[in-house]
Amino acid sequence: MHNAAAAAAALPAPPPLSEEQARTLTGPASDLAGLYRNYLLLTSRGWRMIGAALGQIQQGTPAVARFARENVALYIDSVYDGHFTLAQVAHKLLAGYRKLGGAAAFGQTLSPQTIAALQSAYSEASERLHPHVGVRLGS
(Lines give C-alpha, C1' and ligand atoms only; values in the text may rest on other atoms or scores of the structure.)
Protein backbone atom coordinates (compact mmCIF):
# COMPACT_ATOMS: atom_id res chain seq x y z
CA MET A 1 0.00 0.00 0.00
CA HIS A 2 2.85 2.40 0.77
CA ASN A 3 4.35 1.66 -2.66
CA ALA A 4 1.02 2.48 -4.33
CA ALA A 5 0.76 5.77 -2.42
CA ALA A 6 4.33 6.73 -3.29
CA ALA A 7 3.81 5.89 -6.97
CA ALA A 8 0.61 7.94 -7.08
CA ALA A 9 2.29 10.91 -5.40
CA ALA A 10 5.08 10.80 -7.97
CA LEU A 11 2.67 11.27 -10.88
CA PRO A 12 2.79 14.84 -12.11
CA ALA A 13 -0.50 16.73 -12.21
CA PRO A 14 -1.35 18.18 -15.61
CA PRO A 15 -0.03 21.76 -15.45
CA PRO A 16 -3.46 23.46 -15.56
CA LEU A 17 -4.59 21.32 -12.62
CA SER A 18 -1.56 21.94 -10.41
CA GLU A 19 -2.46 23.68 -7.17
CA GLU A 20 -0.75 26.93 -8.12
CA GLN A 21 -2.30 27.32 -11.57
CA ALA A 22 -5.72 25.96 -10.62
CA ARG A 23 -6.35 29.03 -8.45
CA THR A 24 -6.18 31.24 -11.54
CA LEU A 25 -8.80 29.30 -13.51
CA THR A 26 -12.36 30.51 -13.95
CA GLY A 27 -15.63 29.14 -15.33
CA PRO A 28 -15.77 25.50 -16.43
CA ALA A 29 -12.00 25.12 -16.04
CA SER A 30 -12.33 26.00 -12.36
CA ASP A 31 -14.96 23.26 -11.93
CA LEU A 32 -12.63 20.67 -13.47
CA ALA A 33 -9.68 21.73 -11.34
CA GLY A 34 -11.87 21.60 -8.23
CA LEU A 35 -12.99 18.05 -9.01
CA TYR A 36 -9.40 16.98 -9.57
CA ARG A 37 -8.28 18.61 -6.31
CA ASN A 38 -11.08 16.92 -4.38
CA TYR A 39 -10.07 13.58 -5.89
CA LEU A 40 -6.47 14.09 -4.78
CA LEU A 41 -7.46 15.13 -1.26
CA LEU A 42 -10.02 12.38 -0.70
CA THR A 43 -7.90 9.53 -2.02
CA SER A 44 -4.57 10.58 -0.51
CA ARG A 45 -6.07 11.17 2.92
CA GLY A 46 -8.15 8.01 2.69
CA TRP A 47 -5.13 5.86 1.89
CA ARG A 48 -3.09 7.54 4.62
CA MET A 49 -5.86 6.87 7.18
CA ILE A 50 -6.25 3.26 5.99
CA GLY A 51 -2.52 2.77 6.50
CA ALA A 52 -2.68 4.28 9.99
CA ALA A 53 -5.70 2.14 10.89
CA LEU A 54 -3.95 -1.01 9.72
CA GLY A 55 -0.95 -0.11 11.83
CA GLN A 56 -3.17 0.33 14.90
CA ILE A 57 -5.03 -2.91 14.19
CA GLN A 58 -1.72 -4.77 14.07
CA GLN A 59 0.16 -3.04 16.87
CA GLY A 60 -2.25 -0.92 18.93
CA THR A 61 -3.80 -1.67 22.27
CA PRO A 62 -7.00 -3.74 22.10
CA ALA A 63 -9.18 -0.63 22.49
CA VAL A 64 -7.29 1.29 19.81
CA ALA A 65 -7.33 -1.70 17.45
CA ARG A 66 -11.08 -2.11 17.95
CA PHE A 67 -11.65 1.59 17.21
CA ALA A 68 -9.52 1.34 14.06
CA ARG A 69 -11.41 -1.76 12.83
CA GLU A 70 -14.77 -0.08 13.47
CA ASN A 71 -13.80 3.06 11.54
CA VAL A 72 -11.61 1.85 8.68
CA ALA A 73 -14.69 1.57 6.43
CA LEU A 74 -15.01 5.37 6.55
CA TYR A 75 -11.51 5.76 5.18
CA ILE A 76 -12.15 3.18 2.47
CA ASP A 77 -15.31 5.09 1.58
CA SER A 78 -13.29 8.27 1.08
CA VAL A 79 -11.13 6.50 -1.52
CA TYR A 80 -14.30 5.40 -3.34
CA ASP A 81 -15.68 8.94 -3.06
CA GLY A 82 -12.48 10.33 -4.56
CA HIS A 83 -12.80 8.10 -7.60
CA PHE A 84 -16.48 8.98 -7.97
CA THR A 85 -15.49 12.66 -7.90
CA LEU A 86 -12.89 12.08 -10.60
CA ALA A 87 -15.53 10.34 -12.72
CA GLN A 88 -17.55 13.57 -12.68
CA VAL A 89 -14.86 15.21 -14.81
CA ALA A 90 -16.41 13.66 -17.93
CA HIS A 91 -19.77 15.35 -17.26
CA LYS A 92 -18.29 18.75 -16.40
CA LEU A 93 -15.86 18.60 -19.32
CA LEU A 94 -18.56 18.13 -21.92
CA ALA A 95 -20.82 20.74 -20.34
CA GLY A 96 -17.99 23.28 -20.24
CA TYR A 97 -16.91 22.47 -23.78
CA ARG A 98 -20.43 23.07 -25.05
CA LYS A 99 -20.90 26.21 -22.94
CA LEU A 100 -17.73 27.74 -24.34
CA GLY A 101 -18.64 27.05 -27.97
CA GLY A 102 -17.43 23.52 -28.64
CA ALA A 103 -15.45 22.64 -31.75
CA ALA A 104 -16.26 25.96 -33.39
CA ALA A 105 -14.56 27.85 -30.54
CA PHE A 106 -11.64 25.50 -29.90
CA GLY A 107 -10.87 24.17 -33.38
CA GLN A 108 -8.01 21.67 -33.39
CA THR A 109 -6.72 22.91 -30.04
CA LEU A 110 -9.43 20.87 -28.34
CA SER A 111 -11.12 18.71 -30.93
CA PRO A 112 -14.29 16.65 -30.41
CA GLN A 113 -12.08 13.54 -30.64
CA THR A 114 -9.91 14.78 -27.77
CA ILE A 115 -13.01 15.57 -25.72
CA ALA A 116 -14.34 12.05 -26.39
CA ALA A 117 -11.02 10.51 -25.32
CA LEU A 118 -10.97 12.58 -22.12
CA GLN A 119 -14.59 11.66 -21.40
CA SER A 120 -13.71 8.00 -21.76
CA ALA A 121 -10.66 8.31 -19.51
CA TYR A 122 -12.58 10.13 -16.77
CA SER A 123 -15.89 8.32 -17.04
CA GLU A 124 -17.60 6.47 -14.24
CA ALA A 125 -16.95 3.21 -16.07
CA SER A 126 -13.18 3.77 -16.06
CA GLU A 127 -12.92 5.33 -12.59
CA ARG A 128 -15.31 3.07 -10.66
CA LEU A 129 -13.51 0.96 -8.11
CA HIS A 130 -14.33 -2.72 -7.72
CA PRO A 131 -15.84 -4.28 -5.79
CA HIS A 132 -18.50 -1.63 -5.86
CA VAL A 133 -21.15 -1.96 -3.21
CA GLY A 134 -24.76 -1.02 -3.88
CA VAL A 135 -25.19 0.94 -0.66
CA ARG A 136 -22.77 3.59 0.49
CA LEU A 137 -21.91 4.45 4.05
CA GLY A 138 -24.10 7.19 5.40
CA SER A 139 -26.84 6.64 2.82
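Residues numbered from 1 in each chain as written. Predicted model: local features only at pLDDT ≥ 70, side-chain atom pairs only at ≥ 80, totals over all residues. Heavy atoms only, no water.

> What exactly am I supposed to notice about the overall build of the protein here?
The number of helices and strands found in the protein is 8 helices and 0 strands. Its helices and strands in sequence order give the protein the pattern α-α-α-α-α-α-α-α, from N to C terminus. Within the protein, the proportion of its 139 residues that are buried is 26%. Restricting the contact set of the protein to residue pairs at least 6 apart, pairs at least 24 apart contribute 67%. (Helix = DSSP H or I, 4+ residues; strand = E, 2+ residues; numbered from the N terminus. Buried < 20%, exposed > 50% of the residue type's maximum accessible area, 1.4 Å probe, protein only. Contact = heavy atoms within 4.5 Å.)

> How do you make sense of the nonpolar core when you look at a structure like this?
Soluble globular proteins tend to pack their nonpolar side chains together in the buried interior. Counting 9 residues, the largest nonpolar core is built from Leu32, Leu35, Tyr36, Tyr39, Leu86, Val89, Leu93, Tyr97 and Ile115. When residues of this core are traced back to their parent elements, those giving at least two are helix 3 (27-59) and helix 5 (89-99). Residue contributions to this core peak at 4 residues, all from helix 3. For Leu35, the residues in contact, after removing those within four places along its chain, are Thr85, Gln88, Val89 and Lys92. By size, the runner-up hydrophobic cluster in this structure holds 6 residues, among which are Ala53, Val72, Tyr75 and Val79. (Core = buried A, V, L, I, M, F, W, Y, C linked by side-chain atoms within 4.5 Å.)

> Can you help me understand the side chain of Thr85 in this one?
Along the chain, the position of Thr85 falls in helix 4 (residues 62-87). Residues within four places of Thr85 in sequence aside, it is in contact with Leu35, Asn38, Tyr39 and Leu42.

> I would appreciate a short explanation of helix 4 in the present structure.
Since the α-helix advances by 3.6 residues per turn, residues separated by three or four positions end up pointing in the same direction. When the terminal C-alpha atoms of helix 4 are compared, their 39 Å separation across 26 residues agrees well with the 38 Å that a helix rising 1.5 Å per residue should span. Where helix 4 bends most, the angle comes to about 40°, and this point is Asn71. (Expected span 1.5 Å × (residues − 1). Bend = angle between axes of the 7 residues up to and from the residue.)

> Before we go on, may I ask you to explain the packing of helix 4 against helix 5 in this structure?
A pair of packed helices can be characterised by two numbers: the angle between their axes and the separation between those axes. In the contact formed by helix 4 and helix 5, the axes pass within 5 Å of each other and the chain directions differ by 20°. With respect to helix 5, the element helix 4 is oriented roughly parallel. Taking contact as the criterion, the partners of Thr85, Leu86 and Ala87 in helix 4 are, on helix 5, Val89, Ala90 and His91. Of the residues that constitute the contact of helix 4 with helix 5, the class distribution is 4 nonpolar, 2 polar and no charged. (Axes fitted to C-alpha atoms, helices over the stretch in contact; angles between N-to-C directions. Parallel < 35°, antiparallel > 145°, perpendicular 65-115°, else oblique. Nonpolar A, V, L, I, M, F, W, Y, C, P; charged D, E, K, R; others polar.)

> What's the story with the packing of aromatic side chains in this structure? I'm lost.
Each aromatic ring pair is summarised here by two numbers: the centre-to-centre distance and the angle between the ring planes. If you walk through the whole model with that rule in mind, you get 2 aromatic pairs. Look at Tyr97 and Phe106: their rings are 5.4 Å apart centre to centre, the planes differ by 15°, and that puts the pair in the stacked class. On the basis of relative accessible area, Tyr97 is assigned to the buried category, the value being 8%. The class of Phe106 is partly exposed, set by a relative accessible area of 25%. (Phe/Tyr/Trp six-rings, centres within 6.5 Å; stacked < 30°, edge-to-face > 60°.)

> Whenever I open this one, helix 3 confuses me. Can you help?
Across its 33 residues, helix 3 extends 48 Å between first and last C-alpha, which sits within 8% of the 48 Å expected from 1.5 Å per residue. Within helix 3 the residues assigned to the buried category are Pro28, Leu32, Ala33, Leu35, Tyr36, Tyr39, Thr43, Gly46, Ile50, Gly51 and Ala53.

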